[in-house]
Amino acid sequence: MNVVIVKNLMARLNAMGEAVLFLGDVLKVIFSGRVRFSQVLMQMYYQGVQSVVIVILASMASGVVLGLQGSATLQRFGAREFIAPLVALSLLRELGPVFTAFIYSGKSGAGITAELGTMNTHEQIQATRALGVDPIEFLVVPRFLACVLVLPVLVIIAELVGMLGGYIVGITQAQLPSAIYIRQTMQSIHYVDFFSGLIKSVFFSVIVAWICCYQGFFTSGGALGVGRFTTRAVAYSYIAVLLSNVVLTMFILTVWG
Amino acid sequence: MIKVNHLSKTLDDQKVLTDISFQVSEGEILIILGPSGVGKTVLLKHLIGLLQPDQGSIVINGKDITKFSQQQQLAMRKDFGYLFQEGALYDFMNVFENVAFPLREHTNFNASKIRQRVQEVLDMVDLHQVESKMPLELSGGMKKRVGLARAIVLSAKILLCDEPTSGLDPIRSHDISDLIRQVVKKIGATTVITSHDVINAFRIADRVAILHEGRMEVMGTVQEVSSCQDAFVKEFLQLSKV
Ligand SMILES: Nc1ncnc2c1ncn2[C@@H]1O[C@H](COP(=O)(O)OP(=O)(O)OP(=O)(O)O)[C@@H](O)[C@H]1O
Ligand SMILES: [Mg+2]
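The structure displayed is predicted, hence computed values, not measured ones.

Novice: So what's going on with the overall build of chain A? Which residues, and what values?
Specialist: When you go through chain A residue by residue, the secondary structure sums to 8 helices and 0 strands. From first element to last, N terminus to C terminus, chain A shows the α and β order α-α-α-α-α-α-α-α. Overall size of chain A, expressed as C-alpha extent along the three principal axes, is 65 × 50 × 35 Å. When burial is assessed residue by residue, chain A has 49% of its 257 residues classed as buried. For chain A, the exposed surface amounts to about 12,600 Å²; the carbon and sulfur share of it is 73%.

If you want it as structure tokens, here you go:
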């Protein structure tokens, strides 16, 4: 019994070590300038297109829901006009980065893992090596960088769309004057709100890129393996985003308030 | 020149290759025959450093490639052509881009020169009007021929082909075998081919080896191997010939 647990633990630690080495290889290629820009652009387009519609839908929906719930609950305290800051701050500080990272890992992240995993099972990663080309440079870094660059942009889009959703509810359902809603929003947002969200989203984007590229690059077990590693990549991304969000939030609140 | 010394490899607790030693001289064609699952692909992957041996060395042009770093291995492979058993074409690129890939990576040919060279090798492997097809739209045999085109497009100094004729019809097998011999003799490539195809192997090889249970059972010229008295070799050759 104990032997099994120890073996399992060792395997886990081993995999984590491997994942760290993998990230090291990726960063080495990036910082030594071996970046294929046309590939990065292609991947950015591809990953962005994959996720943008669902991100917009989801953030519009959350903005609307925030507005509705806000107007219902704040009314009880006679503080209806605080809908605007409620919507803006929730989106900027928490919901925008976290939700978008979830959606992104479920769409584009899963796509990265499935693509790299399929290439791996069809020996295309080995073939790249056989052709004298570093597969990390040719196949992984473009996907990794695209993810790191696109996800934060989508977070900003999600925040703007979400605030629009809140605004629509605010001026129709809660019948706040448009000018007041907008002024309230502007006044309530401090630099820290925007930048703490942005820092989070950059952090999440690296985590999602790392996990999804790693799982794809080391996929084994044929078509079944591709399915297994892809769902694992998404699940690990969710967990990693949630946990790191707790740590980041505590950190940001202590340093910045 | 390729020199393999006492190479052994275990995969997943299974001893696949045991104490393999052989040499291939400059410009020679060695064909390794053997039943399915005997370790031909594993052996070939060692020769280009995709697998590392547990024991033994692989000396290519005087250097032991098992001691190379990753970067050294990548650099060395510019002089290699490798045909994967299943082709291993990039399925996100069409045929033209697949064959052009080594040229784009390792030469500074301009667009028209690349087009010309790709056309040339696709003609050689008898593929026409497929440049814009994706690999998923090709038959198994066509994929193999595109893979071969990609392997020879740079005029490799060392050519490794994993079953170039399996999955091809008899006429194509015959033609592709002739083509390989013609091409490698023209560019003087040192060539190792794995195969089940005894008839074509005996036609085009300079020397033949037979793998059995992870060991080199016999190795020599076609005459030498044909007259080998080993029971397995006799049976293998007899059953393979029509
Ligand atoms: N990655 C791997 N992990 C574990 N075992 C492997 C691996 N690759 C090959 N093997 C085992 O090594 C043995 C030799 O496999 P190999 O692919 O070299 O056979 P082969 O001679 O090329 O056969 P075929 O003619 O069918 O292609 C097989 O028993 C196989 O199960
Ligand atoms: Mg094989």
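That was the structure; now back to the text.
Novice: Break down the interface of chain A and chain B for me, citing the residues and quoting the values.
Specialist: Each side of the interface is counted separately: chain A has 17 residues, and chain B has 19 residues. Interface of chain A and chain B: buried area, both sides summed, is about 1,700 Å²; carbon and sulfur atoms make up 59% of it. When the buried surface of chain A facing chain B is broken down by residue, Gln124(A), Ala130(A) and Leu131(A) rank first, second and third, together holding 32% of it. The interface formed by chain A and chain B contains 2 salt bridges. Summed over the shared surface of chain A and chain B, the number is 8 residue pairs in polar contact (both at pLDDT 80 or more). Residue assignment for the side of chain A that touches chain B shows that the elements contributing at least two residues are α4 (124-130) and α5 (135-172) of chain A. Ranked by the residues each element gives to the side of chain A that touches chain B, the list is headed by α4(A), at 6 residues.

Novice: Can you break down the site of ligand 1 residue by residue, with the values?
Specialist: All names here are of chain B. As a structural note, the neighbourhood of ligand 1 is formed by 15 residues, with Ser36, Lys40, Thr41, Gln85 and Glu163 the closest of them. The contact in question runs from an oxygen atom of ligand 1 to an N or O atom on the backbone of Val38, over 3.2 Å. Lys40 has a polar side-chain atom sitting 2.7 Å from an oxygen atom of ligand 1. Coverage of ligand 1 by the protein chains reaches 65% of its 630 Å² of free accessible surface. Of all the elements in the fold, those that place two or more residues in the shell around ligand 1 are β2 (14-24) and α1 (40-47). With 3 residues, α1 is the single largest residue contributor to the shell around ligand 1. Residue composition of the shell around ligand 1, by class: 5 nonpolar, 7 polar and 3 charged.

Novice: Go over the sheet that holds β2(B), please, and point to the residues and values.
Specialist: The strand order across the open sheet formed by 4 strands is β2-β1-β4-β5 (chain B), and the pairing between neighbours is antiparallel. Each having just a single partner strand, β2 and β5 (63-64) of chain B make up the two edges of the open sheet.

Novice: Help me get a handle on the packing of aromatic side chains, residues and values and all.
Specialist: In total, this model carries 16 aromatic pairs over all chains according to the counting rule given. Arranged with centres 6.4 Å apart and planes meeting at 40°, the rings of Phe138(A) and Phe92(B) form a pair that is tilted. Of this pair, Phe138(A) sits in helix α5 while Phe92(B) is found in the loop between β6 (80-83) and α3 (95-106), placing the two residues in two different chains. On the accessibility criterion, Phe92(B) (35% relative accessible area) is partly exposed.

Novice: Describe helix α5 (residues 140-152) of chain B, and please don't skip the residues or the numbers.
Specialist: Residue and element names in this part refer to chain B. Along its 13 residues, α5 runs 19 Å from first to last C-alpha, staying within 8% of the 18 Å computed at 1.5 Å per residue. For α5, the tally of buried residues reaches 10 of 13 residues, placing the bulk of the element in the interior. By the burial criterion, the buried members of α5 are Gly141, Lys144, Arg145, Val146, Gly147, Leu148, Ala149, Arg150, Ala151 and Ile152.

Novice: Residue-level account of the pattern of salt bridges, with values.
Specialist: One pass over the full model with this rule turns up 21 salt bridges over all chains. In this structure, Glu105(B) engages Arg36(A) in a salt bridge whose closest nitrogen and oxygen atoms are separated by 2.8 Å. Note that Glu105(B) is positioned in helix α3 and Arg36(A) in the loop between α1 (2-31) and α2 (37-76), a pairing that runs across two chains. What makes Glu105(B) partly exposed here is its relative accessible area of 26%. In this structure, Glu94(A) engages Lys200(A) in a salt bridge whose closest nitrogen and oxygen atoms are separated by 2.6 Å. One end of the pair, Glu94(A), is in helix α3 (residues 83-121); the other, Lys200(A), is in helix α7 (residues 191-217), with 106 residues separating them in the sequence. On the basis of relative accessibility, which here comes to 2%, the residue Lys200(A) falls in the buried class.

Novice: An account of the pairing of strand β8 (residues 190-195) of chain B is needed here, citing residue identities and associated values.
Specialist: Residue and element names in this part refer to chain B. Among the 6 residues of β8, 6 are classified as buried, and the element is accordingly described as predominantly covered. Side chains Thr190, Val192 and Thr194 of β8 all project onto a buried face; the interleaved residues Thr191, Ile193 and Ser195 project onto the opposite face, where all are buried too. Summarising the sheet, strand β3 (residues 29-33) and β8 pair through 5 bridges and their orientation is parallel. Of the residues in β8, the one forming a bridge with Leu30 is Val192. Across 5 bridges, the pairing between strand β7 (residues 158-162) and β8 is parallel. Residue pairing for β8: Leu159 is matched across the bridge by Thr191.

Novice: Give me the lowdown on the coordination of the magnesium ion (ligand 2), citing residues and values where you can.
Specialist: Under ideal tetrahedral coordination, the four donors around a metal are separated by 109.5 degrees; under ideal octahedral coordination, the six donors are separated by 90 or 180 degrees. Bound to the magnesium ion (ligand 2) are the protein donor atoms Thr41(B) (OG1) and Gln85(B) (OE1), situated 1.9 to 2.1 Å from the metal. Of this pair, Thr41(B) sits in helix α1 while Gln85(B) sits in the loop between β6 and α3, and the two are 44 residues apart along the sequence.

Novice: Would you mind going over the sheet that holds β6(B) in detail, with residue names and values included?
Specialist: Residue and element names in this part refer to chain B. Pairing is mixed across the open sheet formed by 6 strands, whose spatial order is β6-β7-β8-β3-β9-β10. Each edge of the sheet is formed by a strand with only one pairing partner; in this case those strands are β6 and β10 (215-220). Pairwise comparison of adjacent strand axes, ignoring direction, gives a mean angle of 15° for this sheet. Contacts from α5 reach β6 and β7, with the element oriented near 175° to β6.

Novice: Now, about the environment of Thr66(B): what can you tell me, with residues and values included?
Specialist: Residue and element names in this part refer to chain B. Relative to the assigned elements, Thr66 resides in the loop between β5 and α2 (70-76). In this structure Thr66 comes out as buried when scored by relative accessible area, which is 18%. Spatially, the C-alpha atoms of Thr66 and Gly49 are 6.9 Å apart, while their sequence positions differ by 17 residues.

The rules behind these values
Residues numbered from 1 in each chain as written. Chains lettered and ligands numbered in written order. Predicted model: local features only at pLDDT ≥ 70, side-chain atom pairs only at ≥ 80, totals over all residues. Heavy atoms only, no water. Helix = DSSP H or I, 4+ residues; strand = E, 2+ residues; numbered from the N terminus. Buried < 20%, exposed > 50% of the residue type's maximum accessible area, 1.4 Å probe, protein only. Areas by Shrake-Rupley, 256 points an atom, 1.4 Å probe, with all protein chains shown as cover. Contact = heavy atoms within 4.5 Å. Buried area = accessible area lost by both parts, 1.4 Å probe. Salt bridge = Lys/Arg side-chain N within 4 Å of Asp/Glu carboxyl O. Polar contact = N/O pair within 3.5 Å; in protein donor to acceptor, adjacent residues only side chain to side chain. Near = heavy atom within 4 Å. Nonpolar A, V, L, I, M, F, W, Y, C, P; charged D, E, K, R; others polar. Pairing = 2+ DSSP bridges. Phe/Tyr/Trp six-rings, centres within 6.5 Å; stacked < 30°, edge-to-face > 60°. Expected span 1.5 Å × (residues − 1). Donors = N, O, S within 2.8 Å, 3.2 Å for Na, K, Ca; no water. Axes fitted to C-alpha atoms, helices over the stretch in contact; angles between N-to-C directions.

Fair warning: the whole summary comes from geometry, so function is off the table for now.
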